[in-house]
Amino acid sequence: MSAGSNLRSADQFLCSICLDVFTDPVSTPCGHNFCKSCMNHFWDDNVLYKCPICQKMFSTRPDLEVNTLLREMVSEFRREAQQKSSSSSSEQQAAEPGEVPCDVCTGTRLKALKSCLVCLLSYCETHLEPHLTASRLKRHQLVEPVENLEDRICTKHDKPLELFCKTDQTCVCALCSVLDHKTHEFVPLREEYEGKKADLEKTEAETQQMIQKRRLKIQEIKESLKISNDAADREKAEGVQVFTDLKESVERRLKEFMKEMEDKQKTAEKQAEDFIKDLEQEICELKKRSSEVEQLSRSEDHLHLLQRFSSLKDAPPTKNWTEVRVHPPSYEGTVVRAVDQLEKNLREKMKKLLAEVELRRIQQFEADVTLDPDTANPWLVLSDDRKQVYDGDVKKNRPDNPERFCTCPCVLGKQSFSSGRFYFEVQVKGKTEWDVGVARESANRKGQITLSPQDGSWTVCLRNVNEYKALTNLVVRLHLSSPPEKLGVFVDYEEGLVSFHDVDAAALIYSFTGCSFREKLHPYFGPCPNDGGKNSAPLIICPVNRTV
């Protein structure tokens, strides 16, 4: 094969994996060729054994042997390519700073193409030719140009370092293996190189895994920080709202106080002005009478004086001002009373605001609760969306499975909770009796049941239209300011807390505390008997409205 034709068909000597000329070429059963190391690495990294070119699958990993014919063709191709390159190069490149120079060149030292680990010299293209043509030099090991070739020589025996002493973990020459290290374990450098390279790859993989774990931890911390910041922003917004409301309450009470004081002042001023006006009117009339008396007393007309005397003798009618007083209003204690009233109002306002804040907080744990038809008493009617239930006054033909309440008209939620916190809301508007709360999964469902923590339920109820109770082991009567229309139920499993809230009034109704939960909890709904239509309104599981 001529050099020209060989170069023109160079693509057939390239490995499709490393895209370089074949090294130790091997052939797959499907007829495609690759470098032996490339193919082994490819199959080492894949679970399935397939051809990288045609994707043909092999049931077992094929044994790869070097294709000697192809290897000889590749060797011939390399020689011809080097000869072609040598003959076509009219000028070679001088070694630049940082590049390995040829050790044989005199004058301008050209850039080395290869280094010989046997000769311990680096050669440019021209001086490398004997190593490519002379049979005794072809056995030398050529590598990419490297500096400090003396570091590859045993300082004691002046021989190439070509073995690795596993006992001392150091590179040695052939003489070392039979002299200084004769009892030690040795392997060729390439074998140890492959092992150490595999260790480095493993270390790199472990390092990358550590990097990935730390990146994930960074992401986790960032997400945690975002959650914290969001919670802080919500809390600040709540705080601003609470203190703004309290500030407005103080300002409103201050205005009321100032108006009360001003009204008292105006009343006192009006009374004084009325008295002064009456007194000034009487003074005016008395002055007029005094003038008439004085004028008559100076008259020389006997008849005129006697005729007028009787009308001027008696003083004109006036008010007796002796006991008249302007009584200023009492201001003493006004500030104290105002502050006492403000304190009372603030306490009530703060109680309401804090209840609203607490309600908004627990509403964040809203759970999507639906009714479980497998637990529903046969008298109950469930809506298609499993969000409403009422006593239909007609018993349905339903299987008496172990989960079903057979006597009491109640039903459990489909969802169960064994950790964390959850919240749901139930509309009880229009009902005369109901039971709402949570029950443990093992609570009794057959025959007459008792609702109490001792029996596995934590509920509140309405009886006789306006009689509210917390069904503790000892029933507690609840005194509510107004009948709730929507009930909020919150559970903190780990804290052992079940609390009930009037959603519209944002008021706490009752809390079971110190509970010890050891199994799954289900929402509990008891619409109670229909009572001839008086209690026909359904219990309705409502979506949470967080604008409360």
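Above this text is the structure in question.
Reference entry: report on the structure contained in this document. Note that this is a predicted model, so its numbers are computed, not measured. (Residues numbered from 1 in each chain as written. Predicted model: local features only at pLDDT ≥ 70, side-chain atom pairs only at ≥ 80, totals over all residues. Heavy atoms only, no water.)

So, the sheet that holds strand β23 (residues 539-542)
Stated precisely, the cut-off is as follows: In short, DSSP must find at least two bridges between two strands for them to pair. A helix here means a DSSP run of H or I that spans at least four residues, while a strand means a run of E at least two residues long, and both kinds are numbered starting from the N terminus. The convention used is that axes are lines fitted to C-alpha atoms, helices contributing only their stretch in contact, and that angles between N-to-C directions extend from 0 to 180 degrees. In what follows, residue pairs with any heavy atoms lying within 4.5 Å of each other are defined as contacts.
The strand order across the open sheet built from 7 strands is β11-β12-β23-β14-β19-β20-β21, with neighbouring strands paired in antiparallel fashion. With one partner strand each, in any of the chains shown, β11 (380-382) and β21 (507-512) form the two edges of the open sheet. Put simply, the sheet's adjacent strands are angled 20° from each other on average, direction ignored. Against the sheet, helix α9 (residues 334-363) engages β14 (421-427), β19 (486-492), β20 (497-502) and β21, with an angle of about 110° to β14.

Observations concerning the environment of Val460
With respect to the helices and strands, the residue Val460 is situated in strand β16 (residues 457-463). Excluding residues that lie within four positions of it along the chain, Val460 makes contacts with Trp434, Asp435, Val436, Lys469, Ala470, Leu478, Leu487, Phe500 and Tyr510.

Some remarks on the side chain of Ser452
Our working definition: Whenever two N or O atoms come within 3.5 Å, that pair is a polar contact, provided that in protein one can donate a hydrogen and the other can accept it, and provided that, for residues adjacent in sequence, both atoms are side-chain atoms.
Mapping Ser452 onto the fold places it in the loop between β15 (434-440) and β16. Only 2.8 Å separates the side chain of Ser452 from the side chain of Asp455, close enough to count as a polar contact.

Some remarks on the environment of Leu354
With respect to the helices and strands, Leu354 occurs in helix α9. Leu354 sits 92 residues away from Lys446 along the chain, and the two C-alpha atoms are 42 Å apart.

Section: a nonpolar patch on the surface
Spelled out, the test is: Excluding any residue in a salt bridge, patches collect residues exceeding 30% relative accessible area, merging like charges within 9 Å and nonpolar Val, Leu, Ile, Met, Phe, Trp and Tyr side chains within 5 Å. Computed with the Shrake-Rupley method and a 1.4 Å probe, the accessible areas treat only the protein chains shown as cover for residues. Salt bridge, as used here, is a side-chain nitrogen of Lys or Arg placed within 4 Å of a carboxyl oxygen of Asp or Glu. Burial here depends on accessible area, computed with a 1.4 Å probe over protein chains only, as a share of the maximum for the residue type. Under 20% is buried, over 50% is exposed, and the range in between is partly exposed.
Where nonpolar side chains cluster on the molecular surface, the patch consists of Val47, Leu48 and Met57 and spans about 330 Å² of accessible area. You can see Val47 is positioned in the loop between α2 (36-44) and β3 (49-50). Overall, Val47 belongs to the exposed group, its relative accessible area being 75%.

Quick word on the packing of helix α7 (residues 189-297) against α9
Helix packing geometry: the angle between the two helix axes and the distance between the axes. Where we set the bar: In these notes the angle categories are as follows: under 35 degrees is roughly parallel, over 145 is roughly antiparallel, 65 to 115 is roughly perpendicular, and the rest is oblique. We call a crossing left-handed when the near helix sits turned anticlockwise from the far one by less than a right angle, and right-handed when that turn is clockwise. We call Asp, Glu, Lys and Arg charged. Ala, Val, Leu, Ile, Met, Phe, Trp, Tyr, Cys and Pro are nonpolar, and the rest, Gly among them, are polar.
Viewed as axis vectors pointing N to C, α7 and α9 meet at an angle of 155°, and their least axial separation amounts to 10 Å. Of the possible angle classes, the one that applies to α7 and α9 is roughly antiparallel. Taken as a pair, α7 and α9 cross one another with a handedness that is right-handed. Judged by residue contacts, Glu238, Val242, Asp245, Leu246, Ser249, Val250, Arg253, Phe257, Glu260, Met261 and Lys264 of α7 engage Thr334, Val335, Arg337, Ala338, Gln341, Leu342, Leu346, Lys349, Met350, Leu353, Val357 and Arg360 from α9. Among the residues forming the contact of α7 with α9, the class breakdown is 12 nonpolar, 3 polar and 8 charged.

Looking at the packing of aromatic side chains
For any pair of aromatic rings, the description rests on two quantities: the centre-to-centre distance and the angle between the ring planes. Counted only if it meets this: Two rings from Phe, Tyr or Trp (for Trp, the six-membered ring) form a pair when their centres sit within 6.5 Å of each other. Planes less than 30 degrees apart are called stacked, planes more than 60 degrees apart edge-to-face, and all others tilted.
Enumeration over the complete set of coordinates arrives at 12 aromatic pairs. Consider the rings of Trp458 and Phe517, whose centres lie 5.1 Å apart with planes at 85°: the pair is edge-to-face. Separated by 59 residues along the polypeptide, Trp458 in strand β16 and Phe517 in the loop between β21 and β22 (521-526) bring together distant segments of the chain. Among the aromatic residues, ring-to-ring pairing joins Trp43, Tyr49 and Phe58 into one connected group.

Brief notes about the pattern of salt bridges
When the charged atoms of two side chains with opposite charge come close together, those side chains can pair. For the coordinates displayed, the defined rule picks out 24 salt bridges. Linking Glu220 and Lys217 is a salt bridge whose minimum nitrogen-to-oxygen distance equals 3.3 Å. Pair noted here: Glu220 and Lys217 are both in helix α7, with a separation of 3 residues, about one helical turn. Classification of Glu220 by relative accessible area gives partly exposed; the value is 45%. Note that Glu343 is salt-bridged to Arg347, the shortest N-O span being 3.1 Å. Residue Glu343 and its partner Arg347 are both found in helix α9; the two are separated by 4 residues, about one turn of the helix. Beyond isolated ion pairs, a larger network of salt bridges with shared partners links Lys166, Glu192 and Lys196.

Side note on helix α4 (residues 125-133)
Short version of the rule: It is the directions from the helix axis to the C-beta atoms whose arc is reported.
Restricting attention to buried positions, one finds in α4 the residues Glu125, Leu128 and His131. The buried side chains of α4 occupy one side of the element, clustering within an arc of 95° when seen end-on.

Examining the nonpolar core
The criterion, for reference: Nine residue types can take part in a nonpolar core, namely buried Ala, Val, Leu, Ile, Met, Phe, Trp, Tyr and Cys, and a core is a set of them joined through side-chain atoms within 4.5 Å.
Membership of the largest hydrophobic core comes to 36 residues, with the highest contact counts inside it found for Trp434 and Phe525. Beyond its immediate sequence surroundings of up to four residues, Phe525 is in contact with Val369, Leu371, Cys410, Val411, Leu412, Gly413, Phe424, Val426, Asp435, Leu539 and Ile541. Among the nonpolar cores identified, the runner-up in size contains 16 residues, and Cys35, Cys51, Leu64 and Leu70 belong to it.

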